[in-house]
There are 2 protein chains.
Amino acid sequence: MSEALDLPQVYRHHVFACFQQRPPQHPRGSCGQAGAQPLWQRLQQRMEGKPDMAMVATGCLGFCRAGPLMVVYPQGIWYAPRTPEDVDEIVDLHLLGGTPVERLIILPQP
Amino acid sequence: MSEALDLPQVYRHHVFACFQQRPPQHPRGSCGQAGAQPLWQRLQQRMEGKPDMAMVATGCLGFCRAGPLMVVYPQGIWYAPRTPEDVDEIVDLHLLGGTPVERLIILPQP
């Protein structure tokens, strides 16, 4: 027995995007406050109807100052896109093409 | 270049738990309606303060009839616990012990 049970992955790409919204003056900031809404709207449009991937809305993923944040599993790759064009690049190159977009990757430090 | 970029995982266990709540008569059901709240409260208590794991609240993960649902990444293992004791078993055996709890695993079919 180990963590590597031989189970198939349900999705090739399971994308978790932070929808946390805090008030403008909140000291932690938030992905919502950092402009997540139009980015995740774009992401949702681009991912819709693709059977081997799914997008999930989340609460706070932590690392709020680095947002807007999304993480792609099972690869465990964190992205901080800034524009809808960044989102398109992640969808086209990584989710559809299989090649992570290194310039948009961040590596949060817990 | 491939999806297997040599990046460290931020968390050994990143746990996503569905907090979706729909009204009692809603045809899709929901994890909230299926009794998720006390389970995720327990999960949060048990995971708190452990630096190599994190729990994230999500919206709908799909597969609503199978809930309450949680998924553990990067392993990609889906669980449908029914009781706080089930949650304890997942925490003790899988998250802390490294051995998935086969009796509570489900394999959703998209």
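Residues numbered from 1 in each chain as written. Chains lettered and ligands numbered in written order. Predicted model: local features only at pLDDT ≥ 70, side-chain atom pairs only at ≥ 80, totals over all residues. Heavy atoms only, no water.

In the annotation of an unreviewed UniProt entry, the entry for chain A reads (2Fe-2S) ferredoxin domain-containing protein, and the organism field reads Paracraurococcus lichenis.

Observations regarding helix 2 (residues 84–96) of chain B
Taken as a whole, helix 2 of chain B has its buried residues at B:Asp86, B:Val87, B:Asp88, B:Ile90, B:Val91, B:His94 and B:Leu95. Looking at the packing, one finds that the buried side of helix 2 of chain B touches strand 1 (13–18), helix 1 (36–47), strand 2 (53–58), strand 3 (70–73) and strand 4 (77–79) of chain B. (Buried < 20%, exposed > 50% of the residue type's maximum accessible area, 1.4 Å probe, protein only. Helix = DSSP H or I, 4+ residues; strand = E, 2+ residues; numbered from the N terminus. Contact = heavy atoms within 4.5 Å.)

Here's the deal with the pairing of strand 3 of chain B
In regular strands, side chains alternate between the two faces of the sheet. Residue and element names in this part refer to chain B. Burial along strand 3 is two-sided: the residues Met70 and Val72 and Val71 and Tyr73 are all buried. With four bridges connecting them, strand 1 and strand 3 associate as antiparallel partners. Residue pairing for strand 3: histidine 14 is matched across the bridge by tyrosine 73. Here strand 3 runs beside strand 4; their pairing, made up of three bridges, is antiparallel. Opposite methionine 70, over in strand 4, you have tyrosine 79 as the bridge partner. Connecting strand 3 to the antiparallel partner strand 4 that follows it, the hairpin turn spans three residues, and glycine 76 within it adopts a positive phi of roughly 75°. (Pairing = 2+ DSSP bridges.)

So, the relation of the copies chain B and chain A
Each copy of the sequence occupies a distinct position, and chain B is placed on chain A by a rotation of 180° and an axial shift of 0.0 Å, giving an RMSD of 0.0 Å. As the rotation angle and translation indicate, the two copies are arranged about a two-fold axis. Interface overlap between copies: 100% of the residues of chain B at the interface are likewise at the interface in chain A, consistent with a symmetric, same-surface contact. (Least-squares fit on C-alpha atoms with pLDDT ≥ 70 in both.)

Notes on the packing of aromatic side chains
The description of an aromatic ring pair rests on the distance of the ring centres and on the angle between the ring planes. For the structure shown, the criterion picks out ten aromatic pairs over all chains. Measuring from ring centre to ring centre gives 3.7 Å for A:Phe16 and B:Phe16, while their planes differ by 15°; the resulting arrangement is stacked. Taken together, the residues A:Phe16 in strand 1 (residues 13–18) and B:Phe16 in strand 1 connect one chain to another. Grouping residues by exposure puts A:Phe16 and B:Phe16 together as buried. Pairing B:Phe16 with B:Tyr73 gives two aromatic rings, centres 6.4 Å apart and planes at 65°, and the pair type is edge-to-face. With B:Phe16 in strand 1 and B:Tyr73 in strand 3, this residue pair connects regions lying 57 residues apart in the sequence. Taking relative accessible area as the criterion, B:Phe16 reaches 0% and is therefore assigned buried. Linked through ring pairs, A:Phe16, A:Tyr73, B:Phe16 and B:Tyr73 together constitute an aromatic cluster. (Phe/Tyr/Trp six-rings, centres within 6.5 Å; stacked < 30°, edge-to-face > 60°.)

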